[in-house]
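Chain residues, written in single-letter form:
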Amino acid sequence: MSTLIKYQNVDIWQKEQLVLKNVKLEIGEGEFWYLTGKVGSGKSSLMKTIYAELPIERGEGDVFEYCLNLIRRSEIPYLRRKIGIIFQDFQLLTDRNVKENLMFVLRATDWSGTDVMEKRIEEVLSEVGMQKKGYKMPHELSGGEQQRIVIARALLNKPKLILADEPTGNLDPETGKGLMELLHRICKEEGTTIIMATHNLALLEQFPANEMHIENGEIQIVEEKSPETQE
């Protein structure tokens, strides 16, 4: 199994504040990881370093064999095309319907050919159970439906890695459960590595997987499970 992310003695800063220190991580293909910790502990900061929004100035960080310490600005878009990102607040374009939202992403990542793009949109909407919602505007969808569209958007470029930042934070428990079932299925069936930030510890009991916990500016591996035990 190949390693997608490897951090060695990484310090992460937000402006002049040291957020995380001496981070050591090794995350492989097809793994599901929870990233837990209090609000403000550094969960989002860690994720931002993975897709090169925050720089790494000390230690060594590698994602998809890109060295984050030395990555050039021109290389960052190519790194990000390998990563799907799921935000808590959806970040859908409110003036466009679902299909147009997804088409916008494909065009922005250099897809071409209307038939090819429409086929890919149909595939990802079907994968998240939203194949009949392509004509809907974001405000016409429930919170759970919007989050499924955000997952579909994250899947468009067939990423090997998905970063999910508190994806169930704005959802009711039943809708959140359905979303978790979907994410675990994507991990298991597609072999997609998923890192999910959450402070909802009940999810870890319902859907066990690997866990890394942030406390006092350090990451601790709480429990590590092989892919076979993540079912």
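Here the structure is a predicted model, which means the values were calculated and not measured. (Residues numbered from 1 in each chain as written. Predicted model: local features only at pLDDT ≥ 70, side-chain atom pairs only at ≥ 80, totals over all residues. Heavy atoms only, no water.)

Draft legend 1. Examining helix α6 (residues 173-190) more closely. In this model, α6 (18 residues) spans 25 Å end to end at C-alpha, consistent with the 26 Å of a helix rising 1.5 Å per residue. Three or more residues of α6 are buried, namely Gly176, Gly178, Leu179, Met180, Leu182, Leu183, His184, Ile186 and Cys187. At the N-terminal boundary of α6, the capping side chain belongs to Asp172, with an oxygen 3.1 Å from the backbone nitrogen of Glu174. Gly191 sits one or two residues past α6 and shows a positive phi near 70°. (Helix = DSSP H or I, 4+ residues; strand = E, 2+ residues; numbered from the N terminus. Expected span 1.5 Å × (residues − 1). Buried < 20%, exposed > 50% of the residue type's maximum accessible area, 1.4 Å probe, protein only. Polar contact = N/O pair within 3.5 Å; in protein donor to acceptor, adjacent residues only side chain to side chain.)

Draft legend 2. Molecular detail of the pattern of salt bridges. Counting across every chain of the model gives nine salt bridges. Between Arg81 and Asp110 there is a salt bridge; the shortest N-O distance is 3.0 Å. Taken together, the residues span a long stretch of sequence, with Arg81 in the loop between α2 (76-80) and β6 (83-86) and Asp110 in the loop between α3 (98-108) and α4 (114-127) at a distance of 29 residues. (Salt bridge = Lys/Arg side-chain N within 4 Å of Asp/Glu carboxyl O.)

Draft legend 3. Structural context of the packing of α4 against helix α5 (residues 143-155). Taken N-terminus to C-terminus, the directions of α4 and α5 make an angle of 135°; their axes are 9 Å apart at the nearest point. Here α5 runs oblique to α4, going by the angle between their axes. Considering the relative orientation of α4 and α5, their crossing is right-handed. Seen from α4, the contacting residues are Arg120, Val124, Leu125 and Glu127; seen from α5, they are Ile149, Ala152 and Leu155. Split by residue class, the contact of α4 with α5 holds five nonpolar, no polar and two charged. (Axes fitted to C-alpha atoms, helices over the stretch in contact; angles between N-to-C directions. Parallel < 35°, antiparallel > 145°, perpendicular 65-115°, else oblique. Left-handed = near helix turned anticlockwise from the far one by under 90°. Contact = heavy atoms within 4.5 Å. Nonpolar A, V, L, I, M, F, W, Y, C, P; charged D, E, K, R; others polar.)

Draft legend 4. Layout of the packing of aromatic side chains. As enumerated under the stated definition, the model contains one aromatic pair in all. Just above the ring of Tyr78 sits the side chain of Arg81; from NZ or CZ to the centre is 4.8 Å. Lys82 extends its terminal NZ or CZ atom over the ring of Phe64, reaching a point 5.9 Å from the ring centre. (Phe/Tyr/Trp six-rings, centres within 6.5 Å; stacked < 30°, edge-to-face > 60°. Lys NZ or Arg CZ within 6 Å of the ring centre and 35° of its normal.)

Draft legend 5. Highlighting the sheet that holds strand β4 (residues 58-63). Pairing is antiparallel in the open sheet, where four strands are placed in the order β2-β1-β4-β5. Only two strands of the sheet have a single partner each, and these edge strands are β2 (17-28) and β5 (66-67). Pairing of β4 with β5, which is carried by two bridges, proceeds in the antiparallel orientation. Looking across to β5, one finds that Val63 is bridged to Tyr66. The strands that helix α1 (residues 43-50) touches are β1 (3-14), β2 and β4; relative to β1, the one it contacts most, it runs at about 120°. (Pairing = 2+ DSSP bridges.)

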